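Summary of the model geometry
What follows is each chain in one-letter form.
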Amino acid sequence: MTIFQKIIDRQIPADIIYEDAECLAFRDVNPQAPTHVLIIPRKPIPSLAHATVEDQSLLGHLLLVAGKLAVELHLTDGFRTVLNSGRDGGQTVDHLHVHLLGGRSLGWPPG
Ligand code: AMP
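Described below are features of the structure shown in this document. (Residues numbered from 1 in each chain as written. Predicted model: local features only at pLDDT ≥ 70, side-chain atom pairs only at ≥ 80, totals over all residues. Heavy atoms only, no water.)

When you line up the elements, Ile17 lands in strand β1 (residues 16-19). Judged by its relative accessible area of 30%, Ile17 is partly exposed. As for Ile17 and Leu69, which are separated by 52 residues in sequence, their C-alpha atoms are 8.9 Å apart. Every residue in contact with Ile17, bar those within four places of it in the chain, is listed here: Ala25, Phe26, Arg27, Val37, Leu69 and Leu73. (Helix = DSSP H or I, 4+ residues; strand = E, 2+ residues; numbered from the N terminus. Buried < 20%, exposed > 50% of the residue type's maximum accessible area, 1.4 Å probe, protein only. Contact = heavy atoms within 4.5 Å.)

Now for the packing of aromatic side chains. Taken as a whole and judged by the stated rule, the model has one aromatic pair. Ring centres of Phe4 and Phe26 lie 5.5 Å apart, and the angle between their planes is 75°; this geometry places the pair in the edge-to-face category. Taken as a pair, Phe4 in helix α1 (residues 3-8) and Phe26 in strand β2 (residues 23-27) lie far apart in primary sequence, 22 residues in all. For the pair formed by Phe4 and Phe26, the shared burial category is buried. (Phe/Tyr/Trp six-rings, centres within 6.5 Å; stacked < 30°, edge-to-face > 60°.)

The buried fraction of β2 amounts to four of the five residues, a majority that puts the element mostly inside the structure. The pairing of β1 with β2 spans three bridges and is antiparallel. Bridging from a neighbouring strand, Ile16 pairs with Phe26 of β2. Connecting β1 to the antiparallel partner β2 that follows it, the hairpin turn spans three residues. Two elements, β2 and strand β3 (residues 35-41), share five bridges in a ladder whose sense is antiparallel. If you follow Ala25 over to β3, its bridge partner there is Ile39. (Pairing = 2+ DSSP bridges.)

Next up on the list: the environment of Leu83. Looking at the element boundaries, Leu83 is found in the loop between β4 (79-82) and β5 (98-102). Here Leu83 falls in the partly exposed class, since its relative accessible area comes to 33%. Along the primary structure Leu83 and Gln5 are separated by 78 residues, whereas in three dimensions their C-alpha atoms are 17 Å apart. Beyond its immediate sequence surroundings of up to four residues, Leu83 is in contact with Leu48, Leu96, His97 and Val98.

Right under this line is the structure:
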């Protein structure tokens, strides 16, 4: 079981800032920007590479929630949404998640 599944199941605590029937959003424990939130589906999809057409509206929902939270968190100067997938993508938790980062100017390209 992944650490994110344990957060969904309330087996370990997290700073949850939003939840609905399909997803949960909570603050990253090791923030890489002043605002760093993770948006995760309740459905345990390991990564974007495992998503299917069945997940199409769920994936869209995660992005809409990210945008809504960005507004609510006053990221008026902009923000970044990131999905790391697999080893080369830097994914460390095998439960699909969207990073929402903001509150400072972010570099590009990523390392
Ligand atoms: P990734 O490297 O894209 O798989 O992102 C995983 C993220 O999960 C990292 O930014 C971690 O800091 C974060 N993380 C790991 N464990 C926890 C936790 N218990 N609560 C909140 N964030 C976590």
